[in-house]
Amino acid sequence: MTLHRSFFNRDVVQVARDLIGVSLHVNGVGGVIVETEAYSIDDAAAHSFSGQTLRNSSMFGSVASSYVYRSYGLHWCFNIVCTPGCAVLIRALEPQAGLGLMGERRKTQNAHLLCAGPGRLTQALAITSHHDGLDILAPPFELYRSQSPDVVSGTRIGISKAVTLPWRFGKLNSPFLSRKFVS
C-alpha cells in the first residue's frame, strides 16, 4: 500500500508508531522501518521548540517533506515532517534492497550494522543535506506499507530534555534496532 500525504498530516506520535513496518527506499536502496522517534513543536527536545531558524526551516516545511540535519558534526539524520514543527526521526531499517551497495557505503557486510542507528541509516542510503526539504512521496524516495508488525515503545535515545516521553517506537524483537527496548 502506497502512503499518501494524509498519512503524515496527523499527530507526530501516531505517525511515528505507524511508520514501523513501512518500507523506505532511496534510489532503490532500503528496507523496512523498524525504529522511529517522534518530535513535536511543543517538545523541549525538538529542534523546532524555540521556533524556526535557518537550520530547522525544513521542519516547518510541507507535510511529508524531509528534514535532514547534521548531528554533532558527524553524521546526517533523516526525519519526515508531519505537521509544521513536528517530525519523525527514522532511527533504523531492516535492510532488504541494495545490501551490497549499503555494505560498500558503510564498509561492512554485517546486515545488522548497515542501518541500525540514524547515522548508519543515512550513510547506507546515501542521504545527505541534498535531500533536506525534498518531498518524500516522490523520487528518489519510495514509501509503502509492507508489514504490520507488533510495535513496542520506550523513551528516546541521546537527548537531554523531555527524556521521559515514551516517543521511541520499534518493531518487537527486531535484531536491526539501534538499541533494544527495556521491558
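Let us look at the structure shown here. Just so it is clear, the structure is predicted and the values come from calculations on it, not from any experiment. (Residues numbered from 1 in each chain as written. Predicted model: local features only at pLDDT ≥ 70, side-chain atom pairs only at ≥ 80, totals over all residues. Heavy atoms only, no water.)

### Focus: the environment of V12
For clarity, the cut-off: Runs of E in the DSSP output that reach at least two residues are strands. Runs of H or I that reach at least four are helices, and both are numbered from the N terminus. Per-residue accessibility, obtained with a 1.4 Å probe over protein chains only, is compared with the maximum for each type, and a residue is labelled buried under 20%, exposed over 50%, and partly exposed between these values. Here, residues are in contact when the closest pair of their heavy atoms is within 4.5 Å.
Topologically, V12 is positioned in helix α2 (residues 12–18). In this structure V12 comes out as buried when scored by relative accessible area, which is 3%. Along the chain, V12 and A38 lie 26 residues apart, while their C-alpha atoms are 5.9 Å from each other. Discounting residues that sit within four places of it in the chain, V12 has contacts with A38, Y39, S40, C82, C86, A87 and V88.

### Some details on the pairing of strand β4 (residues 75–81)
Working note: regular strand, side chains alternate between the two faces of the sheet. Short version of the rule: Paired strands are those between which DSSP finds at least two bridges.
Buried residues dominate β4, accounting for six of its seven residues. Here strand β3 (residues 66–71) pairs with β4 via six bridges, running antiparallel. Bridge pairing in β4 places Y69 opposite C77. Hairpin connection between β3 and β4: a loop of three residues separates the two successive antiparallel strands, and Y72 in this loop has a positive phi of roughly 55°. Strand direction decides the pairing type here: β4 and strand β5 (residues 87–97), joined by three bridges, are antiparallel.

### Concerning helix α3 (residues 99–106)
Within an α-helix, residues lying three or four positions from one another point in the same direction, as the helix has 3.6 residues per turn. So the rule is basically this: Of all possible arcs, the one meant is that of the directions from the helix axis to the C-beta atoms.
Looking only at α3, the buried set comprises M102, G103 and R106. Projected down its long axis, α3 shows its buried positions confined to an angular sector of 100°, all on one face. Against the buried residues of α3 lie β2 (29–39), β5, α4 (111–114) and α5 (118–125). Count one or two residues on from α3 and you reach K107, which has phi positive near 60°.

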